[in-house]
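Next come the chains, spelled out residue by residue.
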Amino acid sequence: MADSDSTVAWHRIQLKKLREDLRNIEIRRFRVGEATDARARSETQRVIADLRRKISASEHIVGAYDRRTRRPLATDGQSLVAVRWSNWNSAPCNR
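Residues numbered from 1 in each chain as written. Predicted model: local features only at pLDDT ≥ 70, side-chain atom pairs only at ≥ 80, totals over all residues. Heavy atoms only, no water.

Colleague: Help me get a handle on the pattern of salt bridges, residues and values and all.
Modeller: Counting across every chain of the model gives eight salt bridges. Across the salt bridge formed by Glu43 and Arg46, the nearest N and O atoms sit 2.5 Å from each other. With a gap of three residues between them, Glu43 and Arg46 both fall in helix H2 (residues 38-69), about one helical turn apart. Note that Arg53 and Asp50 form a salt bridge whose closest N and O atoms lie 2.6 Å from each other. With Arg53 and Asp50 both in helix H2 and three residues apart, this pair spans about one turn of that helix. For Asp50, a relative accessible area of 24% gives the class partly exposed. Residues participating in the shared-partner salt-bridge network are Glu26, Arg29 and Arg52. (Salt bridge = Lys/Arg side-chain N within 4 Å of Asp/Glu carboxyl O. Helix = DSSP H or I, 4+ residues; strand = E, 2+ residues; numbered from the N terminus. Buried < 20%, exposed > 50% of the residue type's maximum accessible area, 1.4 Å probe, protein only.)

Pasting the structure below:
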């Protein structure tokens, strides 16, 4: 899927990388276990919190873009009543 907004495209790539980093840390913690050193444990917790914060921020930006630009998937009358037709782009939605 190509984004017309390069900022959103960058955030989509960041989401993929950040989620992979978080997954790797969690796998390492599961396989090796928690560090006994309090400083190492607190550093790991800080890194995890930072990754989750960055993921949340990128999800917010991508979600806001998707809500502005995506056409509704449902075709029932109630779903389409709430749509502002002026927000649709003229280009077809690539899914």
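Now that the structure has been shown, we can carry on.
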